[in-house]
Amino acid sequence: MAFVHLVGVSMKIVILGAGYGGLRTAMNLEKLLRANHMTDTVITLIDQNPYHQLIQELHHTATDGSDSKAAIYEIQHLIRGRQIEFVQSHVEAILPGEQAVALSDGQRVTYDRLVIGLGSITDFHGVPGAAEHSLPLRTYDNALAIRDHVKAQFKAASEMNDPKEQRIALTTAIIGGGYTGCQLAGEFAVWVDRLCRDTGAPRSEVRIALLDRHDVLLHQFGRWANSEAEKVLDRLRVSIYLNIDVEAVEPQILRVSGNRVLRAGTIIWAAGVRAPDLIAQAGLPTDRMGRARVDRYLRVEDREDIFVLGDCAAIPSGLGDETVPATASYAMRQGEHLAEALFDEIQGRAPRAYQPLKLGELVSLGPDDGVGNPLGMPVTGYPIQLLKKGIEQFYRSSIISL
Ligand SMILES: Cc1cc2nc3c(=O)[nH]c(=O)nc-3n(C[C@H](O)[C@H](O)[C@H](O)COP(=O)(O)OP(=O)(O)OC[C@H]3O[C@@H](n4cnc5c(N)ncnc54)[C@H](O)[C@@H]3O)c2cc1C
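Sequence order as written defines residue numbering, which begins from 1 separately in each chain. Local features in a predicted model are, by the rule used here, given only for residues with pLDDT of at least 70; side-chain atom pairs are given and counted only at 80 or more, and totals for whole chains, interfaces and linings are based on all residues.

Participant: Before we move on, could you go through the sheet that holds strand E11 (residues 135-136) and cite the residues and values that matter?
Facilitator: In this analysis, strands are considered paired if DSSP registers two or more bridges between them. Strands here mean DSSP runs of E at least two residues long; helices mean DSSP runs of H or I at least four residues long; both are numbered from the N terminus. Taken in spatial order, the five strands line up as E11-E18-E12-E13-E14 in an open sheet, and their pairing is parallel. The open sheet terminates on both sides in strands that have one partner only, identified here as E11 and strand E14 (238-241). Bridging between strand E12 (residues 171-175) and strand E13 (residues 207-211) involves five bridges; their strand directions are parallel. For Thr 172, the partnering residue across the bridge sits in E13 and is Ile 208. The strands touched by helix H7 (residues 179-199) within the sheet are E12, E13, E14 and strand E18 (266-269), with E13 carrying the most contacts at an inclination of about 170 degrees. Across the sheet, helix H8 (residues 223-235) lies against E13 and E14, angled at about 140 degrees from E14, the strand it touches most. Contact between two residues is assigned whenever their backbone-derived C-beta positions fall within 7 Å. Helix axes use the C-alpha atoms of the stretch in contact, all axes being lines fitted to C-alpha atoms, and the angles between their N-to-C directions lie in the range 0 to 180 degrees.

Below, the structure is given as structure tokens:
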């Protein structure tokens, strides 16, 4: 691909989304420009929320396991003293033909270079009633909604006389046995003990059901991880249902394959994400999950001026048709890479291609257990928790001190 350099010209860089990828791009680029006394580039960061969310901590927020503010940071606070303009608004449309984005407050923001880091949205896979009658876990608000709903169910159950109704109120069904569902189920299993003590609801009637359409949990991992996850969650009294397709969701009812019905006071949807619709609506080339197809420079195919990263981007991994996994750690490193690439371009240098660094994934299963493959090595148990906590602390200090 040819690169058009904008040497010596003041440049307007607009970054959509202050998540793991977008925030990192903005902060690292600003730091590079400031260190080189380059003041004629304007960085505008746009997010619908006033806060940056630590999405990988949301299973704690949803189960009251941490201070409810521990998973968010005020964006204005993080960028204080930096040459970054923050606009809190919802992006309604990307208009590549006009080099502009349209915001819900009526503003149009123009750009020379656009970085799209809008994350993903819950994919209900067209299951009837799922969007209306289940609670997704993708945002901080979602996590608070789950927490409040479950607390209310347990409180109501403690006052019920009908054992059948009580059992329904105390049943939580989690749909999706991937990272999100497994992490949430593990945390839930421990939380319910405390909830029962606090509300007086009978522990013996509590059920946590984890359902997945695959024949294993954590199907992205190898067999060793699947069986370890099942073992740990079994021990935590999570009921695992595999090879189950959810066909419809109604209020407190799950209709699943084989004409079976599960009644649950809380139904949580953790069965997948896809990119926001506005990427395809902008006419950008997309894959089947709606993610923008980008090249090894994170540029949208055949566009000089639009970059995409994180969950919104289908980035070639270099291995056949595979794309880079959608995780916070990849999004963050893509943000670091993009900051350098944009800085190179401003300076008239050809940017380097992005090389995904495979550091592995870590999945917590309750407060003391987990599975993962750090640096490709299969690891289980408490070391996963230690690694996760270390990474979390590293991340927190990195956004505060950048
Ligand atoms: C429950 C859960 C647990 C997870 N756990 C882990 C984990 O343990 N480890 C891991 O590596 N990954 C984990 N992930 C995946 C990880 O969170 C994502 O891959 C990561 O957040 C993607 O980063 P991003 O920068 O693309 O988007 P995000 O971090 O999601 O940021 C997107 C930003 O865009 C903003 N936005 C979206 N739409 C609009 C709009 N229209 N207008 C304005 N602003 C908008 C949002 O407010 C948000 O701030 C988890 C995901 C979930 C849902």
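Participant: Give a detailed account of the environment of Gln 347, specifying residues and quantitative values.
Facilitator: Here Gln 347 is to be found in the loop between helix H10 (328-346) and strand E23 (362-364). Residue Gln 347 is classed as partly exposed on the basis of its C-beta count, with 16 C-beta atoms lying within 10 Å. A C-alpha to C-alpha distance of 9.8 Å links Gln 347 and Met 38, two positions 309 residues apart in sequence. Put plainly, a residue is buried at 20 or more neighbouring C-beta atoms within 10 Å of its own, exposed at 12 or fewer, and partly exposed in between, counting only other residues' C-beta atoms, which are placed from the backbone.

Participant: Please set out helix H1 (residues 20-35) residue by residue, giving values where relevant.
Facilitator: One less than the number of residues in a helix, times 1.5 Å, gives the span that helix is expected to have. Across its 16 residues, H1 extends 23 Å between first and last C-alpha, which sits within 8% of the 22 Å expected from 1.5 Å per residue. Most of H1 sits inside the fold, with 12 of its 16 residues counted as buried. Along H1, the positions that sit buried rather than exposed are Tyr 20, Gly 21, Gly 22, Leu 23, Arg 24, Thr 25, Ala 26, Met 27, Asn 28, Leu 29, Glu 30 and Leu 33. Of the residues one or two after H1, His 37 is the one with positive phi, at around 55 degrees.

Participant: Could you give an account of the nonpolar core, with specific residues and numbers?
Facilitator: Judged by nonpolar contacts, the single largest core of 59 residues is most densely connected at Ala 173, Ile 175, Cys 182, Ala 185, Ala 229 and Ile 268. The element that contributes the greatest number of residues to this core is H7, accounting for nine residues. Each domain's extent is set by a domain assignment, obtained either automatically or from a database. Summarising the domain contributions, this core has at least three residues from each of domain 1 (12-120 + 275-358) and domain 2 (130-269). Among residues more than four places away in sequence, those in contact with Ala 173 are Ala 209, Leu 211, Leu 254, Leu 262, Ala 264, Ile 267 and Ile 268. Put simply, a nonpolar core is buried Ala, Val, Leu, Ile, Met, Phe, Trp, Tyr and Cys residues tied into one set by C-beta atoms within 7 Å.

Participant: Go over the site of the ligand with me, naming the residues and quoting the values.
Facilitator: Gly 17, Gly 19, Gly 119, Gly 310 and Thr 327 are the nearest of the 33 residues found near the ligand. Residues belonging to the shell around the ligand are distributed by class as follows: 14 nonpolar, 16 polar and three charged. Each of two domains, domain 1 (12-120 + 275-358) and domain 2 (130-269), supplies a minimum of three residues to the shell around the ligand. Any residue qualifies as near a molecule or strand once its backbone-derived C-beta atom lies within 6 Å of it. Amino acids are sorted into nonpolar (Ala, Val, Leu, Ile, Met, Phe, Trp, Tyr, Cys and Pro), charged (Asp, Glu, Lys and Arg) and polar (every other residue, Gly among them).

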